[in-house]
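# Architecture and fold: a report
The residues making up each chain are set out below.
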Amino acid sequence: NISFVVEWSRFAEEAGVDLYEVVRAIRQRPTHANLMLPGIGVGGYCLTKDPLLASWSRQHLFGADEPLSYSENAVRVNDRMPVFAYEFLREQYGDLAGSRVLLLGVAYRGEVGDTRFSPVDLFYDCLQEAGADLVLHDPYVPQWPEKDRSVHQELAPALAEAPDIVTISTGHQLYKRDETVQALMAHDGLFIYDTIGALSAEQIVRLRQRHTVKVLGRGDL
């Protein structure tokens, strides 16, 4: 399910389609309600390793000749999604060297303070390697241990660091609220990059009055 929607989010960009609307339409059927929305990738300490452990055990503990190849490939597709998210940003924005990028969210999923195997980790590495100056915000994470970085927990001080790019990288409810949109509207000329479809259509229309807005999986923008 995860690798399926990761691949289709790339297809949506190529085809100029809003994949979020497609998925919501499919979800109208009760039997299809579990179809996932696009995103930067799935992290955490279970799905990122358990399929690989199961594949290893099948061969080495139970004597099978073949791995769980579908499971292994699904993990590979998911693991590459942060790189695709970075490449999309680079294509849309241009040279990132010297740009200040504010990451809204470093946890591996919304409403938790856990950064283990967060997909934001590899996204962060790509941006850093490109020469971007990174500012971090997460209401649940005061310190990012994997990066040894302090993280803003209040939005105003993070925005006060004058970012060029604001990336929504974790699905915290805070980032979906109008108060966050209002805070962004107090600034001019931002490049807002939503990797998880947190912003509503109405919020995007409003933000585009003052900013450039791109959403991963929304080729129509």
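Relevant structure appears above.
Below or above, wherever it landed, is the structure these notes cover. Keep in mind that this is a model prediction, so the values were computed, not measured.

Time to look at the nonpolar core. Of all hydrophobic cores here, the largest spans 30 residues; its most connected members are Leu89, Leu103, Phe123, Leu127 and Tyr193. Those elements that place two or more of their residues in this core are helix H4 (69-93), strand E1 (100-104), helix H5 (119-129), strand E2 (133-137) and strand E6 (191-194). By residue number, the principal contributor to this core is H4, which donates eight residues. With sequence-adjacent residues up to four places away left out, Leu89 is seen in contact with Gly94, Leu96, Phe123, Leu127, Ile165, Phe191 and Tyr193. The next biggest cluster of nonpolar side chains, apart from the first, holds 24 residues, and it includes Tyr20, Val166, Ile168 and Leu190.

The next point concerns the packing of helix H1 (residues 2-15) against H4. In helix packing, the relevant descriptors are the interaxial angle and the interaxial distance, both defined with respect to the helix axes. With their axes 8 Å apart at the nearest point, H1 and H4 run at an angle of 30° to one another. The angle between H1 and H4 falls in the class roughly parallel. The handedness of the crossing between H1 and H4 comes out as left-handed. Every residue of H4 that contacts H1 at Ile2, Ser3, Val6, Glu7, Ser9, Arg10 and Glu13 is listed here: Ala74, Val77, Asn78, Arg80, Met81, Phe84 and Phe88. Broken down by class, the residue content of the contact of H1 with H4 amounts to seven nonpolar, three polar and four charged.

Turning our attention to the sheet that holds E6. Strands pair in a sheet through their backbones, by hydrogen bonds, and they do so in one of two ways: parallel or antiparallel. Pairing is parallel across the open sheet formed by five strands, whose spatial order is E2-E1-E5-E6-E7. Of all strands in the sheet, those with a lone pairing partner are E2 and strand E7 (212-215), marking the two edges. Each neighbouring strand pair of the sheet contributes to a mean axis angle of 20°, computed without reference to strand direction. In terms of strand pairing, E6 meets E7 through four bridges, oriented parallel.

Our next topic: the packing of aromatic side chains. Tallying each qualifying case throughout the model produces five aromatic pairs. Judged by centre distance (5.4 Å) and plane angle (70°), the ring pair of Trp8 and Phe11 falls under edge-to-face. Here Trp8 and its partner Phe11 are both found in helix H1, three residues apart, which amounts to about one turn of the helix. Look at Trp8 and you get partly exposed, because its relative accessible area is 39%. Overall, the relative accessible area of 43% leaves Phe11 in the partly exposed class. Each ring, one from Tyr93 and one from Phe191, has its centre 5.3 Å from the other, and the planes form 80°; the classification is edge-to-face. On the criterion of sequence distance, the pair formed by Tyr93 in helix H4 and Phe191 in strand E6 is long-range, its members being 98 residues apart. Given a relative accessible area of 30%, Tyr93 falls into the partly exposed group. Joined through ring pairs, the aromatic side chains of Phe88, Phe123 and Tyr193 make up one cluster.

Criteria and thresholds
Residues numbered from 1 in each chain as written. Predicted model: local features only at pLDDT ≥ 70, side-chain atom pairs only at ≥ 80, totals over all residues. Heavy atoms only, no water. Core = buried A, V, L, I, M, F, W, Y, C linked by side-chain atoms within 4.5 Å. Buried < 20%, exposed > 50% of the residue type's maximum accessible area, 1.4 Å probe, protein only. Helix = DSSP H or I, 4+ residues; strand = E, 2+ residues; numbered from the N terminus. Contact = heavy atoms within 4.5 Å. Axes fitted to C-alpha atoms, helices over the stretch in contact; angles between N-to-C directions. Parallel < 35°, antiparallel > 145°, perpendicular 65-115°, else oblique. Left-handed = near helix turned anticlockwise from the far one by under 90°. Nonpolar A, V, L, I, M, F, W, Y, C, P; charged D, E, K, R; others polar. Pairing = 2+ DSSP bridges. Phe/Tyr/Trp six-rings, centres within 6.5 Å; stacked < 30°, edge-to-face > 60°.

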